[in-house]
Amino acid sequence: MAELHRHDIVIVGGGAAGLRAAIAAVKARPGSSVALVSKVYPMRSHTVSAEGGAAAVARADDNLEMHGYDTVKGSDFLGDQDVIQAFVEEAPRELTQLEHWGCPWSRNEDGTVATRAFGGMTTKRTWYAADKVGFHLLHTLFQTSMQYGDIVRYDEVFVSKLLMDGNECRGVAGLDVRTGEMMGVLGRAVILATGGAGKVWPFTTNGNIKTGDGMALAYREGVPMKDMEFVQYHPTGLPGTGILITEATRGEGGHLINSEGERFLITRDYGVGTKAELGPRDMISRAEVQEIEAGRGIDSQYGQHVHLDLTHLGEEKIMKRLPMVRELSKIYAGVDPVYEPIPIRPVVHYMMGGVDVDIDGFADGVDGLLAAGEVACVSLNGANRLGSNSLTECLVFGARSGVKAVEYAKGTSDGDDAALARMGEEEQARIDALRGKQGGGEKIAAIRTDMQSAMESGCGVYREEASMQQTVRDIAALKQRFEGVTLEDKSKVFNTEIIAYLELENMLDVAESVSSSAASRNESRGAHTRKDATARDDVNWLHHTLCYYDPAGPRLDKKDVTLGRWEPEERKY
Ligand SMILES: Cc1cc2nc3c(=O)[nH]c(=O)nc-3n(C[C@H](O)[C@H](O)[C@H](O)COP(=O)(O)OP(=O)(O)OC[C@H]3O[C@@H](n4cnc5c(N)ncnc54)[C@H](O)[C@@H]3O)c2cc1C
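Residues numbered from 1 in each chain as written. Predicted model: local features only at pLDDT ≥ 70, side-chain atom pairs only at ≥ 80, totals over all residues. Heavy atoms only, no water.

**Details of the packing of aromatic side chains**
Point 1. All chains considered together, the criterion is met by 8 aromatic pairs.
Point 2. Plain terms: the ring middles of Phe87 and Phe397 are 6.5 Å apart, the flat faces sit at 10° to each other, and that makes the pair stacked. Taken together, the positions of Phe87 in helix α3 (residues 81-100) and Phe397 in helix α11 (residues 389-410) put the pair 310 residues apart, joining distant regions of the chain. This pair shows no difference in class: Phe87 is buried, exactly as Phe397 is.
Point 3. For Arg345, the ring lying beneath its charged end belongs to Phe203, and the centroid distance is 3.8 Å.
Point 4. In this structure, Arg385 packs its charged tip against the face of Tyr350, placed 4.0 Å from the ring centre. (Phe/Tyr/Trp six-rings, centres within 6.5 Å; stacked < 30°, edge-to-face > 60°. Helix = DSSP H or I, 4+ residues; strand = E, 2+ residues; numbered from the N terminus. Buried < 20%, exposed > 50% of the residue type's maximum accessible area, 1.4 Å probe, protein only. Lys NZ or Arg CZ within 6 Å of the ring centre and 35° of its normal.)

**Notes on the pairing of strand β3 (residues 34-38)**
Point 1. Summarising burial for β3: 5 of the 5 residues are buried, a large majority.
Point 2. Burial along β3 is two-sided: Val34, Leu36 and Ser38 facing one way and Ala35 and Val37 facing the other are all buried.
Point 3. Two strands pair when backbone bridges link them, and strand β2 (residues 9-12) and β3 are joined in this way by 4 bridges, in the parallel orientation. Bridge pairing in β3 links Ile9 to Val34.
Point 4. A crossover links β2 with its parallel partner β3, the connecting element being helix α1 (residues 16-28), and its sense is right-handed.
Point 5. One ladder, built from 5 bridges, connects β3 with strand β7 (residues 151-155); its direction is parallel. Counted as the bridge partner of Leu36 is Arg153 from β7. (Pairing = 2+ DSSP bridges. Right-handed = clockwise from strand over helix to strand, strands pointing away.)

**With respect to the environment of Arg530**
Point 1. Here Arg530 lies in strand β21 (residues 529-530).
Point 2. Residues contacting Arg530, with those up to four places away along its chain left out, are Arg463, Glu465, Met468, Ala519, Arg521, Asn522, Glu523 and Ser524.
Point 3. At 3.1 Å, the side chain of Arg530 forms a polar contact with the side chain of Glu465.
Point 4. Within the structure, Arg530 has its side chain in polar contact with the side chain of Asp532 (distance 2.9 Å). (Contact = heavy atoms within 4.5 Å. Polar contact = N/O pair within 3.5 Å; in protein donor to acceptor, adjacent residues only side chain to side chain.)

**Some points on helix α4 (residues 133-145)**
Point 1. Taking 1.5 Å per residue, 13 residues should reach 18 Å; α4 reaches 18 Å between its end C-alpha atoms and fits that length.
Point 2. Buried residues in α4 make contact with α1, α3, β7 and α11. (Expected span 1.5 Å × (residues − 1).)

**Re unusual backbone geometry**
Point 1. Positive phi values are uncommon outside glycine, yet Ala130 reaches one of about 45°.
Point 2. Checked against the element boundaries, Ala130 lands in the loop between β6 (126-127) and α4.
Point 3. Even without glycine at this site, Ser379 takes up a positive phi of about 75°.
Point 4. Inspection of the secondary structure puts Ser379 in the loop between β19 (376-377) and α11.

**As for the sheet that holds strand β15 (residues 306-309)**
Point 1. Read across the sheet, 4 strands follow the order β13-β16-β15-β14 without closing on themselves; strand pairing throughout is antiparallel. Taken across any chain shown, the strands that pair with only one partner, and hence form the sheet edges, are β13 (231-237) and β14 (255-257). Adjacent strand axes in the sheet meet at a mean angle of 45° when their direction is disregarded.
Point 2. Across 3 bridges, β14 lies against β15 in antiparallel orientation. Within β15, the residue paired with Ile257 across the bridge is His307. (Axes fitted to C-alpha atoms, helices over the stretch in contact; angles between N-to-C directions.)

**Focus on the side chain of Arg571**
Point 1. Take Arg571: it is sitting in the segment after β23 (555-560).
Point 2. For Arg571, the side chain forms a polar contact with the main-chain oxygen of Lys73, separated by 2.8 Å.
Point 3. Of note is the side chain of Arg571, whose polar atom sits 3.4 Å from the backbone oxygen of Gly74.
Point 4. Excluding residues that lie within four positions of it along the chain, Arg571 makes contacts with Lys73, Gly74, Asp76, Pro280, Asp282, Met283, Asn384, Gly526 and Arg536.

**Points about the site of the ligand**
Point 1. The ligand sits among 39 residues. The nearest are Ser38, Ser45, His46, Thr47 and Glu374.
Point 2. With respect to the ligand, the backbone of Val40 contributes an N or O atom lying 3.3 Å from an oxygen atom.
Point 3. In this structure, a nitrogen atom belonging to the ligand sits 2.9 Å away from a main-chain N or O atom of Val159.
Point 4. Of all elements in the fold, only α1, β3, β8 (157-165), β16 (342-351) and α11 reach the threshold of two or more residues within the shell around the ligand.
Point 5. Looking at which element gives the most residues to the shell around the ligand, the answer is α11, with 4 residues.
Point 6. Taken together, the residues of the shell around the ligand sort by class into 14 nonpolar, 19 polar and 6 charged. (Near = heavy atom within 4 Å. Nonpolar A, V, L, I, M, F, W, Y, C, P; charged D, E, K, R; others polar.)

**Describing the sheet that holds strand β10 (residues 182-186)**
Sheet strands line up and pair through hydrogen bonds in the backbone, either parallel or antiparallel.
Point 1. Pairing within the open sheet is mixed, and its 4 strands lie in the order β1-β10-β9-β8. One side of each edge strand has no neighbouring strand; the edge strands of this open sheet are β1 (3-6) and β8. Pairwise comparison of adjacent strand axes, ignoring direction, gives a mean angle of 25° for this sheet.
Point 2. Where β1 and β10 come together, 4 bridges link them in parallel fashion. Note on β10: the bridge partner recorded for Glu3 is Met183.

This is the structure:
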């Protein structure tokens, strides 16, 4: 192995969760050495593309109790209530902290922070910076992180293995994409902040880098994946590209319209009540699918869609609050939302499930391993996340895991460097053997396409026993085919074929855990909606799903939901 770098803790991921964790760690224990490893330059993390905003109580007509209840109800009662309470309490402090670091939150006329309405929230609770929230938030975190010399960055280093000392995680092996050399980055604790896995599906708002790497790394070391069946479809993606049109469009007053010109969330009963367009994402995505299936969709070269109408908002408001939406619609859908409705349909957006962690971010079953942000399932979001809770989740639980990781590191000793270096060398040999790998002629792109269509047919907005089981079998078969992949590029420098190979390997593991978790849940809850088991079943299914890796096929288990303040009740708006 070319190089071995030692730090106190290692963070994998330079998005909102990773950067927030790094800052919290060096502030909690000044002098701690923190490695921040990222497969892309941090400002290119998916966080940068967030548009609509971040939720936290700010207004006089709001309180923590209301934010807590909205989140519990949004989760279809599968969120852990201790986690939700900690989250709503910490959220306002985190967003204010961000302001002090320079985040330009939009303001009201009187100078107070402006908030907008978001789906499933009782009042205006979403802080925003026009519709470029992710850019401003990530920029603020990135520039703040640069003030701390103890945060050492390893940009464009692809982590392909966790380095284990018995049951303790002691660092990572990463491929320097520029040179093709492996390096070992060692620490007494490792935080995964690698984001979600939307690329497992064909049609997604997610950037190409969202391939579930951290989930797969932890899964293969024996950490269970939790609640993987809950995959969020966002109701407003542009047909063709899947580019997101933010929920802020509806928060600012946009309407959803079918081919008959009806505001179907008002004229028909989809369970969203008077919330209409501000209902939660799972319900609105289902309503759109039902409208299309009932023949009230609109044809396009990319299949059927419905319309998002902003024309009544007027040019001034659109330019002030939603300038990027106008730009994206013009470029990618050829419509100007000031004058015409935008074509939209449901699109894969977010993973509620992920690495099973406790309230402090510690992963279940492996010591010294933590996770935060979209890669983790701390059980804030349960069966359905409310829009704008995710960015705040990255800040709250990113910070918490950073503090906990340095505390943990203080109380433990370094691992066995020689043993870790040997493990890194084995990983180096595995990667070296991939250059120009002679296989059975299978192509990465073909397997990836087949995986994505299997996931769309079995793990879409609506699900059924037979198609979910078929997807489970298809993914198992694709993992076999993956063994026969042939790689052509023998070069070391920027060998993107190897990166694509490693990402596909990870996505297949994520797909396996999603499809088998989905096939096991015999009820409808939140984003997991079965046509053949339409009711929520609290007697048998009010629990988290755990999925464990096993070379012979995944093993499933259950975990209790932490209830408390709010008793489960029928979820209607
Ligand atoms: C288009 C879009 C708009 C959104 N808008 C909103 C919004 O308005 N409000 C809201 O609350 N949420 C929104 N979300 C969701 C939210 O943005 C994400 O859930 C959140 O930003 C995830 O942050 P993260 O830090 O967990 O991961 P990411 O920002 O995805 O960062 C992951 C990091 O991990 C690194 N990484 C991954 N794999 C590896 C590896 N193998 N080796 C090394 N490094 C690796 C990457 O380089 C990257 O730095 C949106 C999401 C999308 C896709």
